[in-house]
Amino acid sequence: MSEPTSRAAAGARIVLKDVTKVYPGQPGPAVDSFSMDIAPGELIMFVGPSGCGKTTTMKMINRIIEPTSGSITIDGQDILTLNPNELRRRIGYVIQQIGLFPHMTIAENIAVVPKLLGWDRNKIRNRVEELLAVVELDPKTFASRYPRQLSGGQQQRVGVARALAADPPVMLMDEPFGATDPITREKLQSEFLRLQEKLSKTIVFVTHDFDEAVRLGDRIAVLSDHSSIEQFDTPANILANPANDYVSQFVGHGAALKRLGLIPVHQASLGPNVAVRGAIEVSVNDSLRDALDALVLSGGTPVAVLNDQGRVVGSIDIEKISAVLGAEILPPALAGGVRP
Ligand SMILES: Nc1ncnc2c1ncn2[C@@H]1O[C@H](COP(=O)(O)OP(=O)(O)O)[C@@H](O)[C@H]1O
Ligand SMILES: [Mg+2]
């Protein structure tokens, strides 16, 4: 795979301070005094119900919507002092509706911002090919096609490639995978994570899907009406300690399972190597949720854990998994279930 990082600008710091938006004719603010400090290279998830102000908050960062009051800086620069068009060229933007230009080829779509920036033809062509490879679309097949000749998931990849074209330090992504089917969404999510590992952009990513937020985010802002921040923390901390009932509701059922999904097997203290080779195994890099899955299949018998070289380094069982979450293991006499 090609390596776009060589040129990549590291992410920028984004600071929002008391940012408020009141739409004309509306009784209250859509966004009420929103403050947040986003470190360079962070992937921040805004999660909240429809209408709570996620999109409005995000669109003020690239001035598609002008704030009513408050300040936003990118690397210390007040965005209100910048030319809006110039600002938008420095910020990649991906939306749910994808928004590819239907009368332009895929290559032309990706080249929109580089063209505006006056890159020469060779540089543009190379960049388009590089980006198509990054999002796993073969340039030979796809560069000259039109958007309607691609599936939804493929179009979404092009949307991401287009947003990355001029290598912006900041990306804004508004429910970018929301319209794709669950299987495509998972694929896009894992591709996106791999990409971000290399690119280290500063990304604000809006979703209404808490599980997506847990999977992707470095930190998650759980928002309620008027873009009020109910909790802003890492996925693990939010799952372990929801700040209030509103956040708990958003976390939904299965918080322990979701936490296990974030923790690799190597964080557990492993048991002795008792397992039979060829039986069910997990890797040290799998999640504890994968390990639990394997344990269900093994009937509860400890499961062998393999290192990167495929050698057994120990075993894992339910108690080892619970211990990582800090769960109390009740003695069998007390763990019998509900008592009258
Ligand atoms: N252009 C607009 N004019 C008036 N009200 C708007 C406009 N855009 C959004 N709103 C209102 O602002 C609130 C926040 O909307 P939005 O930011 O789109 O929420 P979300 O992205 O979380 O669904 C909603 O109540 C919505 O109806
Ligand atoms: Mg929205």
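Looking at an unreviewed UniProt entry, one finds the protein chain named ABC-type quaternary amine transporter and attributed to Arthrobacter oryzae. We quote the UniProt Sequence similarities (unreviewed entry) comment for the protein chain here in full: "Belongs to the ABC transporter superfamily."

> Got a minute to help me understand the pairing of strand E4 (residues 69-74) in this structure?
Pairing between strand E1 (residues 14-21) and E4: 5 bridges, direction antiparallel. Bridge pairing links Thr-20 to Ser-69 in E4. Strand direction decides the pairing type here: E4 and strand E5 (residues 77-78), joined by 2 bridges, are antiparallel. Residue pairing across strands places Ile-74 opposite Gln-77, the latter belonging to E5.

> Even after reading the chapter, I still don't get the environment of Ile-238, so can you show me in this structure?
Within the fold, Ile-238 resides in helix H10 (residues 235-240). Residue Ile-238 is classed as buried on the basis of its C-beta count, with 29 C-beta atoms lying within 10 Å. Sequence separation of Ile-238 and Ala-161 is 77 residues, and the distance between their C-alpha atoms is 31 Å. Beyond its immediate chain neighbours, meaning those up to four positions away, Ile-238 contacts Ile-220, Val-222, Gln-231, Asp-233, Val-247 and Val-251.

> Looking at this model, I keep getting lost on the packing of helix H13 (residues 288-298) against helix H14 (residues 318-325). Mind explaining?
Angle between the axes and distance between the axes: these two values describe a pair of packed helices. Between H13 and H14, whose axes approach to 10 Å, the crossing angle comes to 155 degrees. As far as their axial angle goes, H14 and H13 are roughly antiparallel. The two elements H13 and H14 meet at a crossing, and its hand is left-handed. Contact with H13, carried on its side by Leu-288, Ala-291, Leu-292 and Leu-295, involves Ile-318, Ile-321 and Val-324 of H14 and no other residues of that element. Counted by class, the contact of H13 with H14 contains 7 nonpolar, no polar and no charged residues.

> Looking at this structure, I do not really get the nonpolar core. What am I missing?
If you look at soluble globular proteins, the nonpolar side chains tend to sit buried side by side. By size, the foremost hydrophobic cluster in this structure holds 64 residues, and its most contacted members are Met-45, Val-47, Leu-131, Ala-161, Leu-172 and Phe-205. The contacts of Ala-161, once residues within four sequence positions are left out, are Ile-110, Leu-131, Leu-132, Val-134 and Val-135. Listed in part, the 14 residues of the second largest apolar core include Leu-260, Leu-288, Leu-292 and Ile-316.

> Could you clarify how one ought to interpret the sheet that holds strand E11 (residues 281-283) in this entry?
Taken in spatial order, the 3 strands make up an open sheet running E11-E12-E13, and their pairing is mixed. The open sheet terminates on both sides in strands that have one partner only, identified here as E11 and strand E13 (312-316). Within this sheet the neighbouring strands show an average axis-to-axis angle of 35 degrees, counted without direction. The sheet contact formed by strand E12 (residues 303-306) and E13 spans 4 bridges and is antiparallel. By the bridge assignment, Leu-306 is partnered in E13 with Val-312. In this fold H13 packs onto E11, E12 and E13, with an angle of close to 145 degrees to the strand it touches most, E12.

> Quick question: what am I supposed to make of the domain arrangement of the protein chain here?
It is common to give the size of an interface as the accessible area lost on bringing the parts into contact. Domain boundaries assigned for the protein chain yield domain 1 (4-252) and domain 2 (265-325). Between the C-alpha centres of domain 1 and domain 2 the distance comes to 37 Å.

> What am I meant to see in unusual backbone geometry here?
A negative phi holds for most residues other than glycine; trans holds for most peptide bonds. One non-glycine residue, Asp-75, lies in the positive phi region at around 45 degrees. Among the residues examined, Asp-75 registers 14 C-beta atoms within 10 Å and is labelled partly exposed. The backbone phi angle of Glu-175 is positive, close to 45 degrees, even though this residue is not glycine.

> Would you mind going over the environment of Ala-143 with me for this structure?
Looking at where Ala-143 falls in the secondary structure, it is placed in the loop between helix H6 (139-142) and helix H7 (152-164). Assessed through the 18 C-beta atoms surrounding it within 10 Å, Ala-143 is described here as partly exposed. What Ala-143 contacts, discounting residues up to four positions off in sequence, is Thr-105, Ile-106, Ala-107, Val-128 and Leu-132.

> Just to check I follow, could you spell out the pairing of strand E9 (residues 219-224) for this structure?
On a regular strand, each side chain points to the face opposite its neighbour's, so the side chains alternate between the two faces of the sheet. The pairing of strand E3 (residues 43-47) with E9 spans 4 bridges and is parallel. Bridge pairing links Met-45 to Ile-220 in E9. For E9 and strand E10 (residues 228-233), the ladder comprises 5 bridges, and the chain directions are antiparallel. In the sheet register, Ile-220 faces E10, and the bridge partner there is Asp-233. Hairpin remark: E9 followed by E10, antiparallel, with 3 residues in the connecting loop; positive phi at His-226, about 65 degrees.

> What should I look at first to understand the environment of Val-324 in this one?
Mapped onto the secondary structure, Val-324 falls in helix H14. Each C-alpha atom of the pair Val-324 and Leu-288 lies 9.1 Å from the other, and the pair is 36 residues apart in sequence.

Calculation criteria
Residues numbered from 1 in each chain as written. Chains lettered and ligands numbered in written order. Predicted model: local features only at pLDDT ≥ 70, side-chain atom pairs only at ≥ 80, totals over all residues. UniProt positions renumbered as here; feature names shortened; annotations may be inferred. Pairing = 2+ DSSP bridges. Helix = DSSP H or I, 4+ residues; strand = E, 2+ residues; numbered from the N terminus. Buried ≥ 20, exposed ≤ 12 C-beta atoms within 10 Å, placed from the backbone. Contact = placed C-beta atoms within 7 Å. Axes fitted to C-alpha atoms, helices over the stretch in contact; angles between N-to-C directions. Parallel < 35°, antiparallel > 145°, perpendicular 65-115°, else oblique. Left-handed = near helix turned anticlockwise from the far one by under 90°. Nonpolar A, V, L, I, M, F, W, Y, C, P; charged D, E, K, R; others polar. Core = buried A, V, L, I, M, F, W, Y, C linked by C-beta atoms within 7 Å. Domains from an automatic or database assignment.

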